[in-house]
Amino acid sequence: MANAIRVLAMDGVEKANSGHPGMPMGMADVATVLFSKYMKFDASRPDWADRDRFILSAGHGSMLIYALLHLTGYKAATKDELSNFRQWGSKTAGHPEWGHMPGVETTTGPLGQGLANAVGFALAERHLAARFGEDLVDHRTWVIAGDGCLMEGVSQEAIALAGRYKLNRLTVLWDDNAITIDGAVSLSDATDQAGRFKAAGWAVKAVDGHDMKAISKAMAWATKQDKPTLIACRTKIGKGAATMEGSHKTHGAALGAAEIAATRLGMSWDHEPFDLPTEIETAWRKVGKRGGKARKAWEARLARSPHATEFTRAMRGDLPEGAFDGLNAKIAELIETKPAQATRQASGAALDQLFGAIPDMIGGSADLTGSNNTFVKDTPILDGPDYAGRYINYGIREFGMGTAMNGMALHGGVIPYGGTFMVFSDYSRPAIRMAALMGIRVIHVLTHDSIGLGEDGPTHQPIEHLAALRAIPNLLVFRPADTVEAMECWQLALEHRNTPSAMALSRQKTPAVRTEAGCENFSARGAYELKYLTEGEARVTLFASGTEVAIALAAAATLDAEGLPTRVISVPCFELFEQQDAAYQASILGRGTIRVAVEAAVKQGWERFIGEDGAFIGMSSFGASAPAEVLYREFGITAEAVVAAVKARV
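Predicted model only: the values in this text are computed from it and were never measured.

Thresholds applied
- Residues numbered from 1 in each chain as written.
- Predicted model: local features only at pLDDT ≥ 70, side-chain atom pairs only at ≥ 80, totals over all residues.
- Heavy atoms only, no water.
- Helix = DSSP H or I, 4+ residues; strand = E, 2+ residues; numbered from the N terminus.
- Buried < 20%, exposed > 50% of the residue type's maximum accessible area, 1.4 Å probe, protein only.
- Contact = heavy atoms within 4.5 Å.
- 1 Å grid on protein atoms, 1.4 Å probe; cavity = no way out; pocket = protein on both sides within 12 Å on 5 of 7 lines; lining within 4 Å.
- Points joined across faces, edges and corners; volume = space filled by probe spheres on them.
- Nonpolar A, V, L, I, M, F, W, Y, C, P; charged D, E, K, R; others polar.
- Phe/Tyr/Trp six-rings, centres within 6.5 Å; stacked < 30°, edge-to-face > 60°.
- Lys NZ or Arg CZ within 6 Å of the ring centre and 35° of its normal.
- Polar contact = N/O pair within 3.5 Å; in protein donor to acceptor, adjacent residues only side chain to side chain.
- Core = buried A, V, L, I, M, F, W, Y, C linked by side-chain atoms within 4.5 Å.
- Pairing = 2+ DSSP bridges.
- Axes fitted to C-alpha atoms, helices over the stretch in contact; angles between N-to-C directions.
- Parallel < 35°, antiparallel > 145°, perpendicular 65-115°, else oblique.
- Left-handed = near helix turned anticlockwise from the far one by under 90°.

Novice: How would you explain the side chain of Thr263 if you had to name every residue and give the values?
Specialist: Inspection of the secondary structure assignment puts Thr263 in helix H11 (residues 257–267). When its relative accessible area of 1% is taken as the criterion, Thr263 is described as buried. Sequence-distant contacts of Thr263, defined by excluding residues within four places in its chain, comprise Met10, Gly240, Ala241 and Ala242.

Novice: Could you give me a rundown of empty space enclosed by the protein, with the residues and numbers involved?
Specialist: Following the criterion strictly, the structure yields two cavities of 30 Å³ or more and no others. A volume near 100 Å³ is recorded for the largest cavity. In this structure, the largest cavity is lined by 13 residues; those nearest its centre are Met39, Asp52, Tyr74, Gly103 and Glu105. Split into classes, the residues belonging to the lining of the largest cavity amount to eight nonpolar, one polar and four charged. Computed from the structure, the second largest cavity encloses a volume of approximately 40 Å³. Taken together, Phe54, Ile55, Leu56, Ile65, Pro96, Val104, Glu105, Thr106 and Thr108 make up the full set of residues lining the second largest cavity. Sorting elements by how many residues they give to the lining of the second largest cavity places strand E1 (residues 53–56) first, with three residues. The residue makeup of the lining of the second largest cavity, split by class, is six nonpolar, two polar and one charged.

Novice: Which residues make up the packing of aromatic side chains, and what values do they have?
Specialist: Evaluated as defined, the whole model comprises 19 aromatic pairs. Where Phe35 meets Phe54, the ring centres are 5.2 Å apart and the plane angle is 80 degrees; that geometry is what we call edge-to-face. Of this pair, Phe35 sits in helix H3 (residues 28–38) while Phe54 sits in strand E1; the two residues are 19 residues apart in sequence, bridging distant segments of the chain. Of the two residues, Phe35 and Phe54, both sit in the buried class. Residues Trp298 and Phe311 carry aromatic rings whose centres are separated by 6.1 Å and whose planes lie at 65 degrees to one another, so their mutual orientation is edge-to-face. Remark: Phe311 occurs in helix H14 (residues 308–316) and Trp298 occurs in helix H13 (residues 292–304); sequence separation between them is 13 residues. Grouping aromatic residues by their ring pairs yields a cluster made of Phe543, Phe574, Phe577, Trp606 and Phe609. Positioned above the aromatic ring of Phe355 is the side chain of Arg390, whose terminal nitrogen or guanidinium carbon lies 3.7 Å from the ring centre. One cation-aromatic arrangement involves Arg525 over Tyr584; the distance from NZ or CZ to the ring centre is 4.2 Å.

Novice: Go over helix H10 (residues 212–222), please, and point to the residues and values.
Specialist: Listed in full, the buried residues belonging to H10 are Ile215, Ser216, Ala218, Met219, Trp221 and Ala222. Summarising the contacts, the buried residues of H10 are in contact with H3, strand E2 (141–146), strand E3 (170–176), strand E6 (203–208) and strand E7 (229–234). The opening residue of H10 is Asp211, an N-cap whose side-chain oxygen sits 3.2 Å from the backbone nitrogen of Lys213.

Novice: Pulling in residues and values, what's your account of the nonpolar core?
Specialist: With 124 residues, the main nonpolar core has Phe54, Leu173 and Trp202 as its most contacted residues. It is helix H6 (residues 113–132) that contributes the most residues to this core, eleven residues altogether. Filtering out sequence-adjacent residues up to four positions away, Phe54 remains in contact with Leu34, Phe35, Met39, Ile65, Leu68, Glu105, Trp142 and Ile144. In terms of nonpolar packing, the next biggest core, distinct from the first, is built from 48 residues, Ile451, Ala556, Leu559 and Ala639 among them.

Novice: So what's going on with the sheet that holds strand E11 (residues 415–421)? Residues and values would help.
Specialist: On the basis of which strands lie adjacent, the open sheet formed by six strands has the order E10-E9-E11-E12-E14-E13 and parallel pairing. Single-partner strands in this sheet number two, and they are strand E10 (391–393) and strand E13 (476–478). Each strand of the sheet is rotated relative to its neighbour by a mean of 20 degrees, with strand direction disregarded. Note: strand E9 (residues 361–365) against E10, three bridges, orientation parallel. Pairing of Gly363 across the sheet is with Tyr391, part of E10. Here helix H16 (residues 343–354) sits on the sheet and contacts E9, E11, strand E12 (443–447) and strand E14 (501–505); the angle it forms with E14, its principal contact strand, is near 130 degrees.

Novice: An account of unusual backbone geometry is requested, with residue identities and associated values reported.
Specialist: The general pattern is negative phi for most residues beyond glycine and trans for most peptide bonds. In this structure, Pro385 follows Gly384 across a cis peptide bond, with omega equal to 5 degrees. Here Pro385 is to be found in the loop between helix H17 (369–372) and E10. Although it is not a glycine, Asn17 sits at a positive phi angle of roughly 55 degrees. Relative to the assigned elements, Asn17 resides in the loop between helix H1 (2–16) and helix H2 (22–26). Looking at Asn17, the relative accessible area reads 62%, which means it is exposed. You will see that Arg86, though not glycine, has its phi angle at about 70 degrees, which is positive. Along the chain, Arg86 turns up in the loop between helix H5 (79–83) and H6. Note on Arg86: relative accessible area 27%, which makes it partly exposed.

Novice: I'd like to hear about the side chain of Arg264, residue by residue, with values.
Specialist: Among the structural elements, Arg264 can be located in helix H11. Separated by 2.7 Å, the side chains of Arg264 and Asp11 make a polar contact. Not counting residues within four places of it along the chain, the set of residues in contact with Arg264 comprises Val7, Met10, Asp11, Trp269, His271, Glu272 and Pro273.

Novice: How would you sum up the packing of helix H15 (residues 325–337) against H16? Please name residues and give values.
Specialist: How two helices sit against one another is set out by the angle between their axes and by the gap between those axes. Two elements in contact, H15 and H16, have axes separated by 7 Å at closest approach and are oriented at 135 degrees. Compared by their axis directions, H15 and H16 come out oblique. Here H15 runs over H16; the crossing is right-handed. On H16, the residues that touch Gly326, Leu327 and Lys330 of H15 are Ala350, Gln353 and Leu354. Taken together, the residues of the contact of H15 with H16 sort by class into three nonpolar, two polar and one charged.

In structure tokens form, the structure reads like this:
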């Protein structure tokens, strides 16, 4: 059965003339034991909510998971799909991609992120077990990780989190083959990995990764521990290859026709590529059906459970009825009271209205809770032994937080959000990118969004970060102008099920700019006319986001008084504006007028609004350490500067 994995892996890579056969061949024995004896799954129901999750963190070895899915009978994992490995339109992408092939739980390939996702899966499992009971939620998360995963820095953030939270349903199977692309691991690393995991609070065991009895005993041991477990599986990369077994050359290239022929001969495997002996195929199909009885028993428990409707809704990702009733009432109140406050405070006020109405929301912060305004009063902290709380202390681990949130969202049943300073989105950017690539609902609360954070200085003042985040496809970057817009943006982030969001929020106070009642969520348009002309033609169009909208409004008042009729466009979300029809976009852009944009960040991206002839009032350098009002004045981000830019173009 293990040799079937090896042959399919080398055949798939050979046919594509591209890929990584070494790891699948080396870990075939471990994977065979895992799937045939310990994994709880039913190949006929890839979406079974209480299945065990298998994560191939070493995603370059993707033929391992594709072979397993094919062998166990997942309908989508056909022989044709395996033979079209890495080809246009196939479900068998070069690295496993969530949403393409049923049975792939997360997109992996950037090493370490799969392992870090697994921490989120395990957190979600424990939380949902506390919420709905272990009759409905009682499963494990299994990870295959390689030396590269453990070298990446995010692995330390992940294992420290898992150890702190005693996530005993999480097991990492380390492909300890001592090989990297360049050669031996010892060329670049001498870490005591077992010691590192033990120090982080894990239980650790080492086995011969080709001794199936030893592997099985280790997995049985793992299921009985009260902490997360690492099984170090000593393997040979390319196990079974005729002459290349143990060679780093098997890592990332096809073995070649001669080596494959010799390997087949050595295995007594007298079958054409992608063909399987009947008895082996039958044995593997039996493995794929093994969980059917458990799945049917679970479905019966679900049908009887008083939690059935709520559990099904949460796992489906639907929001509860009336999720935004409190938020909408608060928006109506705010339009009347017109408070001046920082948009990070506005975000916190939005959460006050949303958190109780949407019990699936789980918050957190990378050790900046008080600054990020991500904590809703009286919320229990998520922690063992019951894990029922809804707020996670992630510690100073922005990347680990982002990857864990991705895992939570992929698991289902929870909607994660987490906060840090916007400048540290650089640390979590790889996780944000992966959320966007997968199309999952994860919300990043990024406060202190400009030079407006003041005295902490340029190390903490995000200048290029808005442009960098806006460059990521399928990411909604919201920069609300006031409390009303902040609440509208939160609603939009929660409504977009297939898109992550980044909330850019200010430290400093800003006046209310939305002061007229209306039934429409104007932020949903991405850009809208905040100050419009009731009669006559506009000569000037000012664009702004966030705290700079108030500056644009002040400039417009001056320009109007000086005989230059001016409209102001609030731009809370570039990406939603791009989704509007051409007629709406044209009506907003105001071609034929003098166009000026103002944002306390770099210009990149604003050309879409102001064209080649427009002016930009913003940053072209790093910031400085001083009070916010001084910085805005010294860097020339003022209403006076906007007026001067307009007059220079009259």
